[in-house]
Every structure is written in C-alpha cells, then in structure tokens.
Amino acid sequence: MSTNYTAYQTQSAILFIFFNRTDTTLKVLERIKQAKPSRLYLTCDGPRENRATEAEDCSKAKESVMGFIDWECEVHTLFREKNLGPKEAISSAIDWFFQHEEEGIILEHDCLPSMSFFYYCDNLLEKYRNDTRIWLISGFNFDTKKKWGKGSYYFSNLTNGWGWATWKRSWNNYDKNLSQYNADEVREPLQKIFEDPLIVDRWVEIFNETKEGKIDTWDYQVTFSHLFSHSLTIVPNYNLVSNIGFDQFAENTTNANSPFANVPLEELGELVHPKYMVPEKEADYNLLFEEFNIRGKLAEMAYLKKHNSYRRRFKRWFKSFFKG
C-alpha cells in the first residue's frame, strides 16, 4: 500500500468524546472528517453548575461539531443535560458505543491523530479481533527515539487512552468501580509485573485512590482490568496521536512543558507486524519512570540517605565531644 494516507477512508466506527473546548475539538474533527467514517458516535458531558460560561461553551462546541459533519455518515449522539464528570460520562459513553458496535476507534477532543492512525487501527482491529491476549490498540508513543523490535508496533503491559481502538470483548471486562479487587490483594500481582518497588508503590496508591473515588477518572480502571488479566496493549513505534490539550484551559493536563504534551505526529510507512508477542519491559519502564517521576524520587531518596548519614555522624560526634 502507498504510504500516502490522506485519501484513506476508515472502515471502523468512531466514538468522538468532547466537552467545552471548540478549538481542540474542531482540530481533531477535521482529521476524522478526512478519514470519513461511515458511522460516527458523538458524546458530550453536560456543563457544571459552578462554571459561569460552561453551558454556553458546551452548547457552542456541540453546534460547531454538528455543523462540521458534511460527509455521508450515520451520526449518533449522546449529549448530557447535566454534568456527570469524567468517570461516569466517558465510561458510560463507551458502554453506549459498544451496545451498537463490536469494535471501533475512540478519540477525545484533545487527541489529534495522524492520518495513518486510522489505517493502523483498522488493520489491527481485524488482525487481533479474536486474539483475547490483546486488550487495546494505542496510537500514542511519547518517545520514538528508540524503535522496539523490527515491527511497526510492539507490545506493552501498559495502556493509554489518548487515541485508541478496542473491541467489545475487551470492554466487557471493564470494571468501573474496581469492585472485583481489594486493596490488600493488588500488591502481589503488581510485583509480578513490575520489579521496581517505587513503581509498585505508585500503582497501589493509584489503585486505592481510584477505588475510593478520590480520582474522578475512567482510564485507570482500564489499566487495572488490563494488568490483572495479564493482557497486552499494542503500541506504535511511531507516534500516531498527539495530545494538544496541555495548557491553562485543560482540566488535568495543564503543564505545557510536560514531555507528553504536543509530541510530534508521525506517519506509518508499510505496516509491518512483529514476529514475537512479548511485552517490551524496558519501553514500559521508560514511560513509567517519566510519568511517575521515579528518577526524581530516587534522587530525593539518595539525598535523604546522605543527609541522614550526616545527621547520624553529627550525633555520634556530639555525644563523644560532650563525653570527653
């Protein structure tokens, strides 16, 4: 196949999740328009009561989206009147999507795909349709300086929801409230996947905060469903999705200097499948060391160890001085 993907029309249905930002929403929708899906599912959460202009912002975003769709397309909408928050709104929208589709592509308003992303997803949705080892297909790769293996993509123990595709069979295992797992059970299986104790500690902390409802999110639950079933994610060796929402208008991704912000987009060449289906542990650790700031924590621990050593030496000297 030619490496010019601009004329490629996706075969998959797409779920497009947006909210109160028209700027990023229309940029992503422009890429969806180029891919011309024949079935498009649109969802928007309702405005929050304590945000003065949000009702107007959400209304403007919905009007802009509906006015932008000018290709022949079956459009389904799930627009909320009241705000549900990310956990409820996004997870229930994906539930709704898979009530109608067996597989598909999921994009949020700040996740800008390259044009080959759609070809990549279509092909891998078909190739791994009945392979239950694969949970999802990710489009994001924050560090493409190193290629993992000889294929166009590799396998990972981690998940990423910034532009992805999956099957109803995977989503059926989604556990929104982590009701299948108890806090005192999770450390042991996590230690079998991740050798670094700081990474395990952070995952346990995230699990507890998510289960207790301290984190209003839907995607950590995907990660835990994935980890505890020992599934694999497909990750491209080329970054096919860039998060363009890192700025002062974002809800969570406010640090514009994050290494995960605005990662340059790349396009696939020929789609080459890897020979072996094993997770690239080093790639996973590289990502987690950045995401969890493990290097910073190690430096802090080294400083405290050195500082405590000085304190112990000083105490010994102090005692010996006054004894003398």
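The following paragraphs examine the structure supplied in this document. (Residues numbered from 1 in each chain as written. Predicted model: local features only at pLDDT ≥ 70, side-chain atom pairs only at ≥ 80, totals over all residues. Heavy atoms only, no water.)

Right, let's get into the overall build of the protein. Scanning the protein from terminus to terminus reveals 10 helices and 10 strands. Nonlocal contacts in the protein, meaning residues at least 24 apart in sequence, comprise 82% of its contacts between residues at least 6 apart. When the accessible surface of the protein is summed, it comes to about 16,800 Å², and 48% of that surface belongs to carbon and sulfur atoms. (Helix = DSSP H or I, 4+ residues; strand = E, 2+ residues; numbered from the N terminus. Contact = heavy atoms within 4.5 Å. Areas by Shrake-Rupley, 256 points an atom, 1.4 Å probe, with all protein chains shown as cover.)

Right, let's talk about the pairing of strand β7 (residues 153-156) for a bit. Side-chain alternation along β7 places Tyr-153 and Phe-155 on one buried face and Tyr-154 and Ser-156 on a second face that is also buried. Two strands pair when backbone bridges link them, and β7 and strand β9 (residues 232-236) are joined in this way by 4 bridges, in the antiparallel orientation. What sits directly across from Phe-155, in β9, is Ile-234. (Buried < 20%, exposed > 50% of the residue type's maximum accessible area, 1.4 Å probe, protein only. Pairing = 2+ DSSP bridges.)

Its location among the elements puts Ser-231 in the loop between α8 (219-227) and β9. Looking at Ser-231, the relative accessible area reads 5%, which means it is buried. C-alpha of Ser-231 to C-alpha of Ser-170: the two residues are 61 residues apart in sequence and 9.8 Å apart in space. If we ignore the near neighbours within four places in the chain, the residues touching Ser-231 are Arg-133, Trp-135, Ser-156, Asn-157 and His-226. Looking at Ser-231, its side chain comes within polar contact range of the side chain of Ser-229, at 2.7 Å. (Polar contact = N/O pair within 3.5 Å; in protein donor to acceptor, adjacent residues only side chain to side chain.)

A separate point is unusual backbone geometry. Backbone geometry places Lys-36, a non-glycine residue, at a positive phi of 50 degrees. With relative accessibility at 39%, the residue Lys-36 sits in the partly exposed group.

Attention shifts here to the packing of aromatic side chains. Summed over all chains, the structure comprises 25 aromatic pairs. With centroids separated by 5.4 Å and ring planes inclined at 75 degrees, the aromatic side chains of Phe-117 and Phe-118 adopt a geometry described as edge-to-face. You'll find Phe-117 and Phe-118 in the same group, each marked buried. Here Phe-194 and Tyr-285 contribute two aromatic rings whose centre-to-centre distance is 6.5 Å and whose plane-to-plane angle is 80 degrees, an arrangement assigned as edge-to-face. Of the two residues, Phe-194 sits in the loop between α6 (187-193) and α7 (197-211) while Tyr-285 sits in helix α9 (residues 281-291), which places them 91 residues apart along the sequence. (Phe/Tyr/Trp six-rings, centres within 6.5 Å; stacked < 30°, edge-to-face > 60°.)

Attention now goes to the packing of helix α1 (residues 22-35) against helix α2 (residues 54-68). Here α1 crosses α2 at 20 degrees, and the two axes come no closer than 10 Å. Considered as vectors, α1 and α2 are oriented roughly parallel to each other. Judged by the sense of rotation from one axis to the other, the crossing of α1 with α2 is right-handed. Taken together, the residues of α2 that come into contact with α1 (itself represented by Thr-22, Thr-25, Leu-26, Leu-29, Glu-30 and Lys-33) are Lys-60, Ala-61, Ser-64, Val-65 and Phe-68. Split by residue class, the contact of α1 with α2 holds 5 nonpolar, 3 polar and 3 charged. (Axes fitted to C-alpha atoms, helices over the stretch in contact; angles between N-to-C directions. Parallel < 35°, antiparallel > 145°, perpendicular 65-115°, else oblique. Left-handed = near helix turned anticlockwise from the far one by under 90°. Nonpolar A, V, L, I, M, F, W, Y, C, P; charged D, E, K, R; others polar.)

Throughout the structure, instances matching the rule amount to 11 salt bridges. Among the ionic pairs, Glu-54 bridges to Arg-48, the shortest N-O distance being 2.6 Å. Residues Glu-54 and Arg-48 agree in their burial class; the two are buried. Taking the shortest distance from any N to any O, the salt bridge between Arg-129 and Glu-103 comes out at 2.8 Å. One end of the pair, Arg-129, is in the loop between α4 (116-127) and β6 (134-138); the other, Glu-103, is in strand β4 (residues 103-108), with 26 residues separating them in the sequence. Accessibility expressed as a relative area gives 35% for Arg-129, which makes it partly exposed. Residue classification places Glu-103 among the buried positions, given a relative accessible area of 17%. (Salt bridge = Lys/Arg side-chain N within 4 Å of Asp/Glu carboxyl O.)

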